[in-house]
Amino acid sequence: MSVKTELPAGVTAEEVKAWKERYGDDKIKIASLPIDDDGNDFLDVVVRVPDRKTVSEFEKWVDKNPDKAKEVMINACLLSNKEKVKANDGLFFGAFDALVKLMPIRTAIIKNL
């Protein structure tokens, strides 16, 4: 059974189709960012799962210039409402949190021989 997801404001079905073709069907997600401190209102944005190249660029800056590292993730992986998110600290950090959670890191199981 398929669930119909409502697109965030300002995002068209054509944009979503193009993003899915470019990045892969399973790499495009919607993140709900809290607009206020109480978590009563949210801004839905379209994001993509960070790829190796983006994560590598992020890691290059994370120790030297953490602000630049966050900008790398936002600029590469936030696909909608970018200017609105970048203009508000709470939305910016919420988007960064969502993107870090989307990093495709799996936990290995280690066994003794």
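This structure is a prediction, so every number in the text was calculated from the model and none was measured. Along each chain, the written sequence defines residue order, and numbers are assigned to residues from 1. Thresholds applied to this predicted model are a pLDDT of at least 70 for local features of residues and 80 or more for the giving and counting of side-chain atom pairs; totals over whole chains, interfaces and linings are not thresholded and use all residues. Computation of side-chain values covers all heavy atoms of the structure but excludes hydrogens and water.

Chemist: Before we go on, may I ask you to explain the packing of helix 3 (residues 66-77) against helix 5 (residues 89-102) in this structure?
Modeler: For any two helices packed against each other, one specifies the inter-axial angle together with the distance between the axes. Between N-to-C directions, angles span 0 to 180 degrees; the directions come from axes that are lines fitted to C-alpha atoms, helices contributing only their stretch in contact. In this description a helix means any DSSP run of H or I spanning at least four residues, a strand means any run of E spanning at least two, and both kinds are numbered starting from the N terminus. At a closest axis distance of 10 Å, the pairing of helix 3 and helix 5 adopts a crossing angle of 80 degrees. Relative to helix 5, the element helix 3 lies roughly perpendicular. Here K70, E71, M73, I74 and C77 of helix 3 come into contact with helix 5, specifically with F92, F93, A95, F96, L99 and V100. Only Asp, Glu, Lys and Arg are considered charged, only Ala, Val, Leu, Ile, Met, Phe, Trp, Tyr, Cys and Pro nonpolar, and every remaining residue, Gly among them, polar. Partitioned by chemical class, the residues of the contact of helix 3 with helix 5 number 9 nonpolar, no polar and 2 charged. Under this scheme an angle from 65 to 115 degrees is roughly perpendicular, one under 35 degrees roughly parallel, and one over 145 degrees roughly antiparallel; angles in between are oblique. Throughout, a residue-residue contact means that at least one pair of heavy atoms, one from each residue, lies within 4.5 Å.

Chemist: What is the right way to read the confidence of the model for the protein from this model?
Modeler: Detail in the predicted coordinates should be disregarded across regions flagged by low pLDDT. The pLDDT score gives, residue by residue, the confidence of the prediction method on a 0 to 100 scale. For the protein, per-residue confidence averages 93 on the pLDDT scale, and 96% of positions sit at 70 or higher. Highest mean pLDDT in the protein belongs to helix 3 (97); lowest belongs to helix 1 (residues 13-23) (95).

Chemist: What's the story with the environment of M103 in this structure? I'm lost.
Modeler: Positionally, M103 belongs in the segment after helix 5. In this structure, the C-alpha to C-alpha distance between M103 and R52, residues 51 residues apart in sequence, is 9.1 Å. Dropping the residues within four chain positions of it, M103 is found in contact with P50, V55, F58 and M73.

Chemist: Any chance you could explain the pairing of strand 2 (residues 42-48) here in plain terms?
Modeler: In the case of a regular strand, side chains alternate between the two sheet surfaces. Type-normalised accessible area, obtained with a 1.4 Å probe on protein chains alone, sets the label of each residue: buried when under 20%, exposed when over 50%, and partly exposed for intermediate values. In terms of burial, strand 2 is a largely internal element, 5 of the 7 residues being buried. One ladder, built from 7 bridges, connects strand 1 (residues 28-34) with strand 2; its direction is antiparallel. Each bridged residue has a counterpart across the sheet, and for S32 the counterpart in strand 2 is D44. Here a strand pair is declared whenever DSSP counts at least two bridges between the two strands.

Chemist: What exactly am I supposed to notice about unusual backbone geometry here?
Modeler: Trans peptide bonds make up most of the peptide bonds, and negative phi angles are found at most residues other than glycine. Of note, N81 is a non-glycine position whose phi angle comes to about 55 degrees, a positive value. Secondary-structure assignment places N81 in the loop between helix 3 and helix 4 (82-86). Here N81 falls in the partly exposed class, since its relative accessible area comes to 26%.

Chemist: Would you take a moment to explain the packing of helix 2 (residues 52-62) against helix 3 for this structure?
Modeler: Following both chains from N to C, one finds helix 2 and helix 3 inclined at 165 degrees, their axes separated by 7 Å at the closest point. For the element pair helix 2 / helix 3, the angle class is roughly antiparallel. Seen along the crossing, helix 2 lies across helix 3 with a hand that is right-handed. Contacts between helix 2 and helix 3 pair T54, E57, F58, W61 and V62 from the former with P66, K68, A69, K70, V72, M73, A76 and C77 from the latter. Considering only residue class, the contact of helix 2 with helix 3 consists of 9 nonpolar, 1 polar and 3 charged. Should the near helix be turned anticlockwise from the far one by less than a right angle, the crossing is termed left-handed; should it be turned clockwise, right-handed.

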